[in-house]
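# Observations on the three-dimensional arrangement
Spelled out, the chains give:
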Amino acid sequence: MKYHFPLIASLVLGTAAQSAPYCADLLNREALPKKYAKIAPIYSDQASGWIFTQDQMKDRYEMKASSLKLVQAIVDKFAARDMPLAIVVAPPRPVIAGQDKLDAAMGQYLYSVADAHSSFDKLIEQLASTGAIVPNLSDVALADPDIRDRFYFRRDTHWTAVGSAVSATALANTVNSQAPDLFDNDGDLAFRELEASGVIQEEGSLAEVVLKACGTALPAETSETFNLSQNGDLLDDPSSGPAIALLGSSFSNRYKRDHYRVADALARAFDADVENFSVSGGGPIGAIEAYVMSGALDRKDHNLVVWELPYTESFNSQSFLRQLLGALSESRAPIKAAEFQTQPQATLVKLAEGVATSGIEIEAEDIVKQSFNLEVRFDNGSTAKVHLGRRNSVPVNMRSSSLRSSLSHYGNRAPVEIVISPIKGARIKHVAVF
């Protein structure tokens, strides 16, 4: 993040007019309960109602070359199965809120919306360069002042039903452009053609922080909803045509249900059957890894996979990319030229010289406790840290007993040893290298 000295900012931009925050404790990590301290400082503006947490304030989104190679490998695995992959990333809340809202909440010019917007656009370009279907939802949200104002809740981290509906129609347009024969009626619907049908309420995760930290109860926000039933001139039975798997985050599974009607909006925009397997709190791959490990991808249960993840999940955190790529790997034949040594706090895997490896598989004793740190040691003396695990929010019925991580795409380095350290009560039942 780029920080700018307040004096310079005031000379260039003028002094930002800050309305009162909900309370001063929001800016002080030490004054907040532990669960909120990690997202502090928390910036707020009573006048506008906007609240921003520190984890939303990054302004660099584009991928490193090594991350891009991993994403490319993931997309290639889908392509090898003749399965289109759509990647849907919600745009940064600060970008959609705008510079004036940020300045008012922060009290001075500390964050560049322009830098964040430019970097997010580069991320979308990179993702699209892999052959994945990737709509730029920042363009969609910013194209219309009314949509921009209604795209995000101000006291919650998620999009509104408006944000989800306009994003679904944008995805349908992008799919129609890149794969015009996949769905007969995708791209035919414009967001403005949707008819309002009611409202939903959102209590707000950030409003909860204000209540706990400041003792101030804020009213629930509302979002307009729409009639998302198919028109009579479209397919009479969508389930008989191509189907979509929605594999997302809390944006698609808020309160462990589709509170923002993402699947309904996709079904309306594509005129197709949509199955929502999203997992609130499951992280960037909680849903999509479970889908792959279940065999649904190889069975071709659907005609399009939609991988939805929030902008707060960084593609430069390569552990989850390696875990998803490991799940997608076709080879499962264990390498016999490997030695396993059990140590008090870890397991050491030693590979014979010259042995080529593509991945590692760990079977946990307890399917509920699946968390392991790996240190990969290479032939040139360097090391790499990798985490392999599933978040607690991933339901047991969506878990495999095994976890896999790719050991490919490390450049010219070849793994020679791997140290596996179980954490958070996990225990190893079996390890294999393939």
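See the structure shown above.
Here the structure is a predicted model, which means the values were calculated and not measured.

## Remarks on the overall build of the chain
When helices and strands are tallied, the chain shows 14 helices and 16 strands. Taken over C-alpha atoms, the radius of gyration comes to 23 Å for the chain, in line with the 22 Å a tight globule of 434 residues would show. Along the first, second and third principal axes, the C-alpha atoms of the chain reach 65 × 60 × 35 Å. Residue burial in the chain is summarised as follows: out of 434 residues, 54% are buried. Across the chain, every contact between residues at least 6 apart in sequence was considered, and the portion connecting residues at least 24 apart equals 76%. Just so you have it, the chain exposes about 18700 Å², and 49% of that area is on carbon and sulfur atoms.

## A short note on the packing of aromatic side chains
For the coordinates displayed, the defined rule picks out 13 aromatic pairs. For the ring pair Tyr 61 and Tyr 311, a centre distance of 6.3 Å and an interplane angle of 65° mean the geometry is edge-to-face. With Tyr 61 in the loop between β2 (51–52) and α3 (65–80) and Tyr 311 in the loop between β8 (304–309) and α14 (318–328), this residue pair connects regions lying 250 residues apart in the sequence. Residue Tyr 61 is classed as buried on the basis of its relative accessible area, which comes to 5%. Judged by relative accessible area, which is 3%, Tyr 311 ranks as buried. Consider the rings of Phe 183 and Phe 270, whose centres lie 5.1 Å apart with planes at 70°: the pair is edge-to-face. Of this pair, Phe 183 sits in the loop between α9 (161–178) and β4 (196–202) while Phe 270 sits in helix α11 (residues 262–270), and the two are 87 residues apart along the sequence.

## Quick notes on the pattern of salt bridges
Enumeration over the complete set of coordinates arrives at 21 salt bridges. In this structure, Asp 149 engages Arg 154 in a salt bridge whose closest nitrogen and oxygen atoms are separated by 2.6 Å. By relative accessible area, which is 44% here, Asp 149 ends up partly exposed. Its salt-bridge partner being Arg 261, residue Asp 264 comes within 3.3 Å of it at the nearest N-O pair. Residues participating in the shared-partner salt-bridge network are Asp 144, Asp 146, Arg 150, Arg 192 and Glu 224.

## A few points about the state of the cysteines
Scanning the model with the defined rule gives 1 disulfide in all. Here Cys 23 connects covalently by a disulfide to Cys 214, the sulfurs 2.0 Å from one another. Handedness here is read from the sign of the S-S torsion; for Cys 23 and Cys 214, about -65°, the answer is left-handed. Highlighted residues: Cys 23 in the loop between α1 (6–13) and α2 (34–37) and Cys 214 in helix α10 (residues 205–214), separated in sequence by 191 residues.

## A closer look at the nonpolar core
Grouped together as the largest cluster of nonpolar side chains are 98 residues, with contacts concentrated most on Ile 87, Leu 127, Phe 270, Leu 304, Trp 307 and Phe 315. For this core, the element with the most residues is α9, which contributes 9 residues. Once residues within four sequence positions are removed from consideration, Phe 315 is found in contact with Met 63, Ser 67, Val 71, Ile 87, Val 89, Leu 123, Leu 127, Trp 307, Leu 309, Phe 320 and Leu 321. Among the nonpolar cores identified, the runner-up in size contains 23 residues, and Ile 362, Val 376, Phe 378 and Tyr 410 belong to it.

## Details of the pairing of β8
By the criterion of burial, β8 is predominantly enclosed, with 6 of the 6 residues buried. Residues Leu 304, Val 306 and Glu 308 point to one face of β8 and Val 305, Trp 307 and Leu 309 to the other, with burial holding for every one of them. Pairing of strand β6 (residues 243–247) with β8, which is carried by 4 bridges, proceeds in the parallel orientation. Residue pairing in the sheet places Ile 244 in a bridge with Leu 304 of β8.

## Details of the sheet that holds strand β16 (residues 428–433)
Reading across from one edge, β14-β11-β16 is the order of the 3 strands in this open sheet, with antiparallel pairing throughout. Pairing within the sheet leaves two strands with one partner each, and these edge strands are β14 (402–406) and β16. On average, each strand axis in the sheet is inclined to that of its neighbour by 15°, with strand direction left out of account. Bridge count for strand β11 (residues 359–364) against β14 is 5 bridges, and the pairing is antiparallel. Bridge pairing links Ile 362 to Leu 403 in β14.

## Details of α10
Those residues of α10 that fall on the buried side of the exposure criterion are Leu 206, Ala 207, Val 209, Val 210 and Ala 213. Down the axis of α10, the buried set is contained in an arc of 150°. They therefore lie on one face. Buried residues belonging to α10 abut α2, β2 and α4 (93–97). A positive backbone phi angle near 75° is found at Gly 215, which sits one or two residues after α10.

What counts and how
- Positions within a chain are numbered from 1, following the residues in the order the chain's sequence is written.
- Residues qualify for local features only when their pLDDT is at least 70, as the model is predicted, and side-chain atom pairs are given and counted only at 80 or more; totals for whole chains, interfaces and linings, by contrast, use all residues.
- Heavy atoms throughout the structure, all of them, feed into the side-chain values; hydrogens and water do not.
- What counts as a helix is a DSSP run of H or I of at least four residues, what counts as a strand is a run of E of at least two, and both are numbered from the N terminus.
- Throughout, the radius of gyration refers to the C-alpha atoms, and the reference size of a globule is 2.2 Å times the residue count to the power 0.38.
- A simple rule labels every residue: compare its accessible area, found with a 1.4 Å probe on the protein chains alone, to the largest value its type can have, and call it buried under 20%, exposed over 50%, or partly exposed in between.
- Every residue pair with non-hydrogen atoms within 4.5 Å of one another is taken to be in contact.
- Each accessible area value is a Shrake-Rupley result obtained with a 1.4 Å probe; residue values ignore everything except the protein chains displayed when judging cover.
- Pairing of aromatic side chains here covers Phe, Tyr and the six-membered ring of Trp, requires ring centres within 6.5 Å, and sorts the geometry by plane angle: under 30 degrees stacked, over 60 edge-to-face, intermediate tilted.
- Salt bridge, as used here: a side-chain nitrogen of Lys or Arg that lies within 4 Å of a carboxyl oxygen of Asp or Glu.
- By disulfide we mean two sulfur atoms from cysteines, separated by a distance within 2.5 Å.
- Side-chain atoms within 4.5 Å link the members of a nonpolar core, which is a set of buried Ala, Val, Leu, Ile, Met, Phe, Trp, Tyr and Cys residues.
- The criterion for strand pairing is that DSSP finds at least two bridges linking the strands in question.
- Lines fitted to C-alpha atoms define the axes, with helix axes restricted to the stretch in contact, and inter-axis angles between N-to-C directions lie between 0 and 180 degrees.
- Here, the arc refers to the directions that run from the helix axis to the C-beta atoms.

Remember, this is a structural readout, not a statement about activity or role.
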